[in-house]
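Next come the chains, spelled out residue by residue.
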Amino acid sequence: MAQKLWEKSVQVNKEIERFTVGRDREMDLYLAKHDVLGSMAHITMLQSIGLLTEDELKQLLTELRKIHAQAEQGNFVIEEGVEDVHSQVELMLTRSLGDVGKKIHSGRSRNDQVLLDLKLFTRAQLKEVAELTEQLFYVLINQSEKFKNILMPGYTHLQIAMPSSFGLWFGAYAESLVDDMMFLQAAFKMCNRNPLGSAAGYGSSFPLNRSLTTGLLGFDSMNYNVVYAQMGRGKVERNVAFALASIAGTLSKLAFDACLFNSQNFGFVKLPDECTTGSSIMPHKKNPDVFELTRAKCNKIQSLPQQIMMIANNLPSGYFRDLQIIKEVFLPAFDELKDCLRMTTYIMNEIKVNEHILDDDRYLLIFSVEEVNRLAREGMPFRDAYKKVGLDIEAGKFTHSKEVHHTHEGSIGNLCNDRINLLMQEVIEGFNFCSMAEAEKALLATGE
């Protein structure tokens, strides 16, 4: 059985070991390839300050590239009795290279190692979330343009209120995603700073070159103060969780609308038959299960910041094992959100729109404000016009042409989708994902 990195002459009680390791071995599989990348940067730096020879570095990089390939292919395994991903990688190197494998931990602690792994993992996941959010955005913008002239009722208090349009409905969620992406970008920038070299939170007596590892890993900058780098554990996850929750909030509301508008009582939209499910007893049913599950999953993601805060909030500075538990709620959240984004994008692209909703006179009263405004434009005081239309409605005499002529920015007749599109482009360009990708590619190509 592999010896623990910290183990000396006394073996820990097996039940204590089971409890303290918890789900860490399972969770650390998310981090495997990122741990390898971090080790590659770290040992390159160690060689530059004389703690490894060129030959040792070459041997280590060769083996680490093999381990990275295993992780990429999903074949990386944390063996029974091995605590975490860091221990497994060091064990594999030691088996292959003997004592050379034991040198990779110089100037490093598992504290800054996991901090680094989490940041590398998180920024890669944020890139995928941003790309999927962008795809959904363009589907919504395209649908907004396609159906911009199709009117539908707008609601307040779930009462019919004023004319809306499918252009407004789709476009509203597109613009919501722009704001969500701004939040995501802020989280990415806070995440994209290098903690490596902070060790256990108090630095190292080795003359580490933290600027070198920052560049090798494509970070924007580093967490300079080593104590603050350690304090970032939990804070980064919380801030990222708020950004994920913002996107989840938009998806959850859209899912609710889609479920409501798809029901026979509304009949505003029709979900693709292949995206609905049936009933075991009612042969007519075509249930919007995908959006119901999306709503539930996204509501769950919206609770994520609170879960992280409750784990980390009452901790002073320094490292505490409590932080390990954050991984259990944080790491799987990305896959769940990405899945919801993919499902929503597919269905929003295929959804059918009812172009004849307003043929039904039950929606006639949504034009009451249009009539009040028409009278006001003709010179009648607004309050008098409001009263006249109200009395006509009570007397059952209200009529209107079921047409609208809105021209101001952001209204039915002037959606401003081109400007919303420009806002999204500005946000996307601000991420600067290419530096991250180029650095990782160059690191993996080292020595070849």
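Refer to the preceding data block for the structure.
Calculation criteria
Residues numbered from 1 in each chain as written. Predicted model: local features only at pLDDT ≥ 70, side-chain atom pairs only at ≥ 80, totals over all residues. Heavy atoms only, no water. Helix = DSSP H or I, 4+ residues; strand = E, 2+ residues; numbered from the N terminus. Rg over C-alpha atoms; globule rule 2.2 N^0.38 Å. Buried < 20%, exposed > 50% of the residue type's maximum accessible area, 1.4 Å probe, protein only. Contact = heavy atoms within 4.5 Å. Lys, Arg positive; Asp, Glu negative; His and termini not counted. Charge placed at Lys NZ, Arg CZ, Asp CG, Glu CD. Pairing = 2+ DSSP bridges. Phe/Tyr/Trp six-rings, centres within 6.5 Å; stacked < 30°, edge-to-face > 60°. Salt bridge = Lys/Arg side-chain N within 4 Å of Asp/Glu carboxyl O. Polar contact = N/O pair within 3.5 Å; in protein donor to acceptor, adjacent residues only side chain to side chain. Expected span 1.5 Å × (residues − 1). Axes fitted to C-alpha atoms, helices over the stretch in contact; angles between N-to-C directions. Left-handed = near helix turned anticlockwise from the far one by under 90°. Nonpolar A, V, L, I, M, F, W, Y, C, P; charged D, E, K, R; others polar. Disulfide = S-S within 2.5 Å. Parallel < 35°, antiparallel > 145°, perpendicular 65-115°, else oblique. Arc of directions from axis to C-beta.

Undergrad: Any chance you could explain the overall build of the protein here in plain terms?
TA: When helices and strands are tallied, the protein shows 18 helices and six strands. Over its C-alpha trace the protein gives a radius of gyration of 28 Å, far above what one expects of a compact globule, namely 22 Å for 448 residues. Per-residue burial for the protein yields a buried fraction of 48% across its 448 residues. Taking the contacts inside the protein whose residues are at least 6 apart along the sequence as the reference set, 78% of them involve residues at least 24 apart. In the protein, 48 side chains carry a positive charge and 58 a negative one; their mean positions are 2 Å apart.

Undergrad: Just checking my understanding: could you explain the pairing of strand 1 (residues 151-156) for this structure?
TA: Note on strand geometry: in a regular strand, side chains alternate between the two faces of the sheet. Two strands pair when backbone bridges link them, and strand 1 and strand 2 (residues 159-165) are joined in this way by five bridges, in the antiparallel orientation. When the bridges of strand 2 are listed, Tyr-155 appears paired with Ile-160. Taking the residues that link successive antiparallel strands as the turn, the strand 1-strand 2 hairpin has two residues, and the phi of His-157 there is positive, at about 60°.

Undergrad: Help me understand the packing of aromatic side chains, please; the structure alone is not making it clear to me.
TA: Aromatic rings in a pair are described by how distant their centres are and how their planes are angled relative to each other. Inspection of the entire model under this criterion finds 19 aromatic pairs. For the ring pair Trp-169 and Phe-261, a centre distance of 5.5 Å and an interplane angle of 55° mean the geometry is tilted. Highlighted residues: Trp-169 in helix 7 (residues 166-191) and Phe-261 in helix 10 (residues 235-262), separated in sequence by 92 residues. As far as burial versus exposure is concerned, Trp-169 and Phe-261 are alike and both buried. Put simply, the rings of Phe-147, Tyr-155, Phe-166, Trp-169, Phe-170, Tyr-173, Phe-261, Phe-266, Phe-268 and Tyr-363 pair up and form one aromatic cluster.

Undergrad: What exactly am I supposed to notice about the pattern of salt bridges here?
TA: Pairing between side chains becomes possible if they bear opposite charge and their charged atoms approach one another. Evaluation of the coordinates by the stated rule reveals 23 salt bridges. Residue Glu-237 is joined to Arg-233 by a salt bridge in which the shortest nitrogen-to-oxygen separation is 3.7 Å. Judged on exposure class, the residue Glu-237 and its partner Arg-233 are both buried. For Arg-362, the salt bridge identified is with Asp-360, shortest N-O distance 2.9 Å. Each member of the salt-bridge network shares a partner with another, and the members are Glu-83, Asp-84 and Arg-110.

Undergrad: Got a minute to help me understand the side chain of His-86 in this structure?
TA: Turning to its location among the elements, His-86 is positioned in helix 5 (residues 85-97). Exposure remark for His-86: the relative accessible area of 5% places this residue in the buried category. A distance of 3.5 Å separates the side chain of His-86 from the side chain of Asp-117, its partner in a polar contact.

Undergrad: It is not clear to me how helix 3 (residues 32-48) should be interpreted in this structure. Could you clarify?
TA: Given 3.6 residues per helical turn, the α-helix brings residues three or four places apart onto the same face. Helix length check: helix 3, at 17 residues, gives a terminal C-alpha distance of 25 Å against a target of 24 Å (1.5 Å per residue), a fit within 8%. Of the residues trailing helix 3, Gly-50 is marked for its positive phi of about 90°.

Undergrad: What should I look at first to understand the packing of helix 11 (residues 289-302) against helix 14 (residues 333-350) in this one?
TA: Packed helices, taken two at a time, are described by the angle between their axes plus the distance between the axes. Axis separation between helix 11 and helix 14 bottoms out at 10 Å; the angle between their running directions is 145°. Of the two elements, helix 11 crosses helix 14, and the hand of that crossing is left-handed. Along its contact with helix 11, which presents Val-290, Phe-291, Thr-294, Lys-297, Cys-298, Lys-300 and Ile-301, the element helix 14 presents Ala-333, Glu-336, Leu-337, Cys-340, Met-343, Thr-344, Ile-347 and Met-348. Across the contact of helix 11 with helix 14, the residue classes break down as 10 nonpolar, two polar and three charged.

Undergrad: Mind showing me how you'd approach the state of the cysteines here?
TA: Put plainly, a disulfide is one covalent bond tying together the sulfur atoms of two cysteines. With the rule as written, the count across this model stands at zero disulfides. Not engaged in a disulfide, the cysteine Cys-259 finds its nearest cysteine sulfur in Cys-298; these two sulfurs lie 12 Å apart. The class for Cys-259 is buried, based on a relative accessible area of 12%. With no disulfide partner, Cys-434 has as its closest neighbouring cysteine sulfur the one in Cys-191, 17 Å distant.

Undergrad: Even after reading the chapter, I still don't get the packing of helix 5 against helix 6 (residues 110-146), so can you show me in this structure?
TA: Running from N to C, helix 5 and helix 6 cross one another at 105°; their axes reach a closest spacing of 10 Å. Taken together, the axis directions place helix 5 and helix 6 in an arrangement best described as roughly perpendicular. Here Val-85, His-86 and Ser-87 of helix 5 come into contact with helix 6, specifically with Arg-110, Gln-113, Val-114 and Asp-117. Grouping the constituent residues of the contact of helix 5 with helix 6 by class yields two nonpolar, three polar and two charged.

Undergrad: How should I be thinking about helix 16 (residues 382-394) in this particular structure?
TA: With 13 residues, helix 16 ought to run about 18 Å at 1.5 Å a step, and its terminal C-alpha atoms sit 18 Å apart, in line with that. Buried residues of helix 16: Ala-385, Val-389 and Asp-392, and no others. Each buried residue of helix 16 sits inside an arc of 60° when the element is viewed along its axis, so together they form one side. Within helix 16, the exposed residues directed more than 90 degrees away from the buried face are Arg-383, Lys-387 and Glu-394. Buried residues in helix 16 make contact with helix 15 (368-377). One or two residues past the end of helix 16 sits Gly-396, with phi positive at roughly 75°.

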